[in-house]
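Understanding the architecture of this molecule
If you want the building blocks of each chain, they are given just below.
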Amino acid sequence: MNLNATLIGQLISFALFVWFCMKFVWPPIIKAIETRQSQIANALASAEAAKKEQADTKLLAEEEISKAKVQAQEILDAANKRRNEVLDEVKAEAETLKAKIIEQGYAEVEAERKRVQEELRLKVASLAIAGAEKIVGRTIDEAANNDIIDKLVAEL
């Protein structure tokens, strides 16, 4: 009986130990495990949310970069168009100025030609009078024969 009593005593002690552990030890351990599981689940959910946010942010950044490239190309196209317009305007102004300069040059040449022509007429008239004086043998008075000289100048 002694063995049985010892065995029963051990069983009672073990049952008390199990009861004590179930009542006082297991609840804090279970609570700590559940808290840790909850923290891990929250961390995983946060990581997944951060990963999704990163993907969304990356997509948004790529869209913004694409828009910026399109906008930059539009700005370049507009600048090139404006440059071509300015070049065309400058060319047109240069052509107009060239035409004015050429026209002015022609006008100056024509004025110089008329001046030289008039000068030649006067010299020819003077030579004609000098030749006529020599032929006639006397000096012709310009004041008396102005109408003859005017006719002669007009003919030349």
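Residues numbered from 1 in each chain as written. Predicted model: local features only at pLDDT ≥ 70, side-chain atom pairs only at ≥ 80, totals over all residues. Heavy atoms only, no water.

Attention now goes to the overall build of the protein. The number of helices and strands found in the protein is 2 helices and 0 strands. Sorting the 156 residues of the protein into buried and exposed places 3% on the buried side. Only carbon and sulfur atoms are counted for the fraction: they give 63% of the accessible area of the protein, which is about 13,800 Å². (Helix = DSSP H or I, 4+ residues; strand = E, 2+ residues; numbered from the N terminus. Buried < 20%, exposed > 50% of the residue type's maximum accessible area, 1.4 Å probe, protein only. Areas by Shrake-Rupley, 256 points an atom, 1.4 Å probe, with all protein chains shown as cover.)

Right, let's get into the UniProt feature "transmembrane region" (unreviewed entry) in the protein. As annotated in UniProt, the feature "transmembrane region" (unreviewed entry) corresponds to residues 6–26 in the numbering used here. Secondary structure over residues 6–26 splits into 100% helix and 0% strand, and the C-alpha atoms at its two ends are 27 Å apart. (UniProt positions renumbered as here; feature names shortened; annotations may be inferred.)

Each pair of aromatic rings is reported with the distance of its centres and the angle of its planes. Within this structure, the stated rule accounts for 2 aromatic pairs. On the numbers, 6.3 Å between centres and 90 degrees between planes, the contact of Trp19 with Phe24 is edge-to-face. Taking relative accessible area as the criterion, Phe24 reaches 47% and is therefore assigned partly exposed. Ring pairing ties together the aromatic residues Trp19, Phe20 and Phe24, which thus form one cluster. (Phe/Tyr/Trp six-rings, centres within 6.5 Å; stacked < 30°, edge-to-face > 60°.)

For the rest of this paragraph, the subject is the pattern of salt bridges. Here the idea is simple: oppositely charged side chains can pair when their charged atoms come close. Considering all chains together, one arrives at 8 salt bridges under this definition. With its nearest N and O atoms 3.9 Å apart, the salt bridge here joins Lys98 to Glu95. With Lys98 and Glu95 both in helix 1 (residues 2–136), this residue pair falls 3 residues apart, about one helical turn. We note a salt bridge from Lys123 to Glu119, for which the minimum N-O separation is 3.9 Å. Of the two residues, Lys123 and Glu119 are both situated in helix 1; the distance of 4 residues between them amounts to about one turn of the helix. Given the relative accessible area of 49%, Lys123 is considered partly exposed. Within the structure, one salt-bridge network assembled from shared partners comprises Glu112, Arg115, Glu119 and Lys123. (Salt bridge = Lys/Arg side-chain N within 4 Å of Asp/Glu carboxyl O.)

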